[in-house]
Amino acid sequence: MTDPNPESWGSPTEPLSGRSRRPELEWQLAASENFLSEISRRRSVRDFSSETVDRRVIENCLLAAGRAPSGANQQPWHFVAVGDAATKRRIRQAAEREEEEFYQRRAPQAWLDALQPLGTDQHKPFLETAPWLIAIFAETYQTAGEGDEHSVKNYYVNESVGIACGFLLAALNSCGLATLTHTPSPMRFLNEILGRPKQEKPFLLLVVGYPSIDCTVPKIGKKTLDEISTFVM
Ligand code: IYR
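Here's a quick rundown of the structure.

## A look at the sheet that holds strand E2 (residues 132-139)
Here four strands make up an open sheet; going across it, the order is E1-E2-E6-E5 and the pairing antiparallel. Where the open sheet ends on each side, the last strands, each with one partner, are strand E1 (77-82) and strand E5 (178-182). The mean angle between the axes of side-by-side strands here comes to 25°, regardless of whether they run parallel or antiparallel. Note that E2 and strand E6 (residues 200-209) share eight bridges and pair antiparallel. Following the sheet pairing, isoleucine 136 is matched in E6 by leucine 204. In this fold helix H2 (residues 55-65) packs onto E1, E2 and E6, with an angle of close to 165° to the strand it touches most, E1.

This is how it looks when you write it as structure tokens:
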């Protein structure tokens, strides 16, 4: 039988702070509109300027990403923020090798057709131009350290890391930074270049900075509310 005493169900609890008040509807509508208008400004950018971004801004955004909910609160993510020119160059070289393979041989014609509106190709100069690259790794299981045979499985890893990346994109956008979600495939070269252990699967390579002055973006739209949602009420 379940123990009726909630204190014995799990870890100790604490009062929920800061979220007990029910907000006024007017405030809530304005907040949702502001968030929508801010996030609507986000575009995937492929022409970056080399203007620097203070490390503390990146740190705050990573802390925001780390607030994401995760399976069993295992927080199965690791972020590597790369601002070093030599490391960015190595990443660009490795990514372009994979991309060339992709565009010249691996990608089926249907995939190339789907990418046509984006105007992408194997050349990725932004991996060197942008001030920061953030490689996000998904921790499939945990070990106590190198050589440790005993491992603990993580749950809902892709969902958890995907949510953390969403938080990160929103945080970076909120402080006026442009981003590109880049996924050279396969991305295992990131483990080697960045010295991450094999249980960490490269999940996403984020390019972060400011758009170049003459930056253009493809003319593409987003689906309407009716297209993306259904209300049952
Ligand atoms: N990784 C390649 C191809 C690519 C694939 C998808 I799906 C995109 O939305 C964009 C690009 C590249 O970065 O060029």
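From this point, things continue past the structure.
## A few points about H2
Taken residue by residue, H2 has Ile58, Cys61, Leu62 and Ala65 as its buried positions. For H2, the arc enclosing every buried residue in end-on projection is 100°, short of the 170-degree limit, so these residues lie on one face. Turned more than 90 degrees away from the buried face of H2 sit Arg56, Asn60 and Leu63, all of them exposed. The inward-facing, buried residues of H2 contact E1, E2, helix H6 (157-174) and E6. Sitting at the head of H2, aspartate 54 places a side-chain oxygen 2.8 Å from the backbone nitrogen of arginine 56.

Conventions we followed
- Within every chain, residues take consecutive numbers counted from 1 along the sequence as written.
- Per-residue local features of the predicted model are confined to residues with pLDDT of at least 70, and side-chain atom pairs are confined, for both listing and counting, to 80 or more; whole-chain, interface and lining totals are unaffected and use all residues.
- Side-chain numbers come from the whole structure's heavy atoms, not from hydrogens or water.
- Any two strands with at least two DSSP bridges between them are considered paired.
- Working definition: helices are DSSP H or I runs of at least four residues, strands are E runs of at least two. Numbering for both runs from the N terminus.
- Axis definition: a line fit to C-alpha positions, over the contact stretch in the case of helices; interaxial angles, taken between N-to-C directions, run 0 to 180 degrees.
- Note on contacts: a residue pair qualifies if any of its non-hydrogen atoms lie within 4.5 Å across the two residues.
- Exposed residues in this analysis have more than 50% of their type's maximum accessible area, buried residues have under 20%, and partly exposed residues fall in between, with area computed by a 1.4 Å probe over protein chains only.
- What the arc covers is the set of directions going from the helix axis to the C-beta atoms.
- Each polar contact in these results corresponds to two N or O atoms within 3.5 Å; when the atoms are within protein, one needs to be able to donate a hydrogen and the other to accept it, and residues that are neighboring in sequence are counted only if both atoms are side-chain atoms.

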